[in-house]
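Fold and contact review
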Amino acid sequence: MDDLERFEEMLLDQLAEAGLPTDGVLVELLEREQALASLGGALRRLPMEDRGRSVYVSKMITAAAAGLFDAALNCLWNETVGELRRRVAGYDLAYFFDIAVPSHDRRKHLSTEDDLVKVDDIDLLRATREIGLLSATGQDQIDHIRYMRN
């Protein structure tokens, strides 16, 4: 029995002992093994200098290994949104907020990097595309992640 199987057995036994459901909680072992096998190829696209701050990538990999693909997808989303916010922070914030939040009432309270978290995810995606920080293909891919997550 390999490590993933032992982990799964231990975890599901604990859930069962607590009277919690166990069916359909974890993704099949084969799918997890395939996800972990493709990890190297996927990480090649993430520069080494960015990996040290990519906590949600670590969480995504951990969730996927545990068999929680839905949680892994949430972690991927959080990492993606965080990276978009980091990129916007190096841009003209006033212009970004004007594009992202057309409502004057909401816009007047947004001016600093700390205010980026107040911009809804869908508005963040739309505005980063509109100002050129995100390509149409990138926006489609990220929007697909958002759709699956929701």
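See above for the structure.
Residues numbered from 1 in each chain as written. Predicted model: local features only at pLDDT ≥ 70, side-chain atom pairs only at ≥ 80, totals over all residues. Heavy atoms only, no water.

1. Here we look at the pattern of salt bridges
One pass over the full model with this rule turns up 13 salt bridges. With its nearest N and O atoms 3.0 Å apart, the salt bridge here joins Glu 83 to Arg 87. Taken as a pair, Glu 83 and Arg 87 lie in helix H6 (residues 69-89) at a separation of four residues, close to a single helical turn. For Glu 83, a relative accessible area of 19% gives the class buried. On the accessibility criterion, Arg 87 (46% relative accessible area) is partly exposed. Residue Arg 107 is joined to Asp 98 by a salt bridge in which the shortest nitrogen-to-oxygen separation is 2.8 Å. On the basis of relative accessibility, which here comes to 16%, the residue Arg 107 falls in the buried class. The exposure class of Asp 98 is partly exposed, given its relative accessible area of 46%. (Salt bridge = Lys/Arg side-chain N within 4 Å of Asp/Glu carboxyl O. Helix = DSSP H or I, 4+ residues; strand = E, 2+ residues; numbered from the N terminus. Buried < 20%, exposed > 50% of the residue type's maximum accessible area, 1.4 Å probe, protein only.)

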